[in-house]
Amino acid sequence: NIISTLPNGRYGNLSGTSMATPLVAGLVALIKAQNPNLTPAEIRSLIQATGTRVNIETACDCRIDAASAIETVMERKMFVHPQAATIEKGSTLSFTAIFGQPPFTFSSSRPEVAEINEQGILTAKADGETIVTVRDSRGVAASSYKIYVGKVKSPGNPNQPSDPSLPTECPFDNQDMCEAICVIVPNLPWCK
C-alpha cells in the first residue's frame, strides 16, 4: 500500500519488491554515509541481521529496521557475515564477524547439517538448516540467521520469461500492479 506512479499519468497503491527496493536503497545509502568501508555484501548482512522478524518469506524473514541498522554501524556492534544463505551439500561458505575483535570462535547449531572450522569455513554436509554463531576475543557473540543446505534455485532471466507455468492473465488482484510490471518487463505472458 505504497502510493506510486502508474502508467498513463496515474497514481495508485502498490506493494511488493518494486515498492520495497527504493526503501532498501535509501537505507543502504544512509549506511554507506556512516561507514563507506562496508562492502555491499556486508551491508546486506547488516540489514538482514538488524531487520525485524516478520511472517514474510525473504532470505531473513524480516523487514528492514533503519534505526537498528544505523545503531549497529554507529556503535560498531558485531554481526555475522553472511547472515543468511542457501548452499548445496558439499559446498563451503566463509564466515566472519563484522566489527568483532579476532580471533574468532565459530560454531554450527547443527553440525550434522554443516560443520564450521576454526577459520570460519562452513562445509555443508546434509540437507537442512543451521545457525552459525561467532564469538570474538572479547567474549561478544553474534549469530547468523538460517543457513540452508539444499538445492540452490537459479533465479533465471526475468527479461526472458520462458516458464510455461507463468499465468497468461494478470495474477494480481490489483490490475494497476500488472500494468506497472508490464512497463518494466513487457514480454510477460499477460502483457498485451
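Let me sum up the structure you'll find in this document. Quantities reported herein were computed from a predicted structural model and do not represent experimental measurements. (Residues numbered from 1 in each chain as written. Predicted model: local features only at pLDDT ≥ 70, side-chain atom pairs only at ≥ 80, totals over all residues. Heavy atoms only, no water.)

**Quick word on unusual backbone geometry**
At step 1: For the peptide bond that leads from His81 to Pro82, omega is 0 degrees, which places it in the cis range.
At step 2: Turning to its location among the elements, Pro82 is positioned in the loop between strand S5 (79–81) and strand S6 (85–87).
At step 3: Residue Pro103 is bonded to the preceding Pro102 through a cis peptide linkage, with omega at 5 degrees.
At step 4: Backbone geometry at Asp61 places phi at a positive 50 degrees, although glycine is not the residue there.
At step 5: One can find Asp61 in the loop between strand S3 (52–53) and strand S4 (62–63).
At step 6: Given the relative accessible area of 17%, Asp61 is considered buried.
At step 7: Unlike most non-glycine residues, Phe99 shows phi in positive territory, near 70 degrees.
At step 8: By secondary structure assignment, the location of Phe99 is in the loop between strand S8 (96–98) and strand S9 (105–108). (Helix = DSSP H or I, 4+ residues; strand = E, 2+ residues; numbered from the N terminus. Buried < 20%, exposed > 50% of the residue type's maximum accessible area, 1.4 Å probe, protein only.)

**Brief notes about the packing of aromatic side chains**
The relation between two aromatic rings is expressed through the spacing of the ring centres and the mutual angle of the planes.
At step 1: Overall, the coordinates contain two aromatic pairs when judged by the stated rule.
At step 2: An angle of 70 degrees between the planes, with centres 6.2 Å apart, marks the rings of Phe104 and Phe106 as edge-to-face. (Phe/Tyr/Trp six-rings, centres within 6.5 Å; stacked < 30°, edge-to-face > 60°.)

**Details of the side chain of Asp136**
At step 1: Structurally, Asp136 can be placed in the loop between strand S13 (132–135) and strand S14 (141–143).
At step 2: Owing to a relative accessible area of 5%, Asp136 belongs among the buried residues under this scheme.
At step 3: Of the polar contacts made by the side chain of Asp136, one reaches the side chain of Arg138; its length is 2.6 Å.
At step 4: Once residues within four sequence positions are removed from consideration, Asp136 is found in contact with Met78, Gly100, Gln101, Pro103 and Phe104. (Polar contact = N/O pair within 3.5 Å; in protein donor to acceptor, adjacent residues only side chain to side chain. Contact = heavy atoms within 4.5 Å.)

**Regarding the nonpolar core**
At step 1: Counting 18 residues, the largest nonpolar core has Phe95, Leu122, Val132 and Val134 as its most contacted members.
At step 2: Not counting the four nearest positions on each side in its chain, Val134 is found in contact with Met78, Val80, Thr96, Ala97, Phe104, Thr105, Phe106, Val140, Ala141 and Ala142. (Core = buried A, V, L, I, M, F, W, Y, C linked by side-chain atoms within 4.5 Å.)

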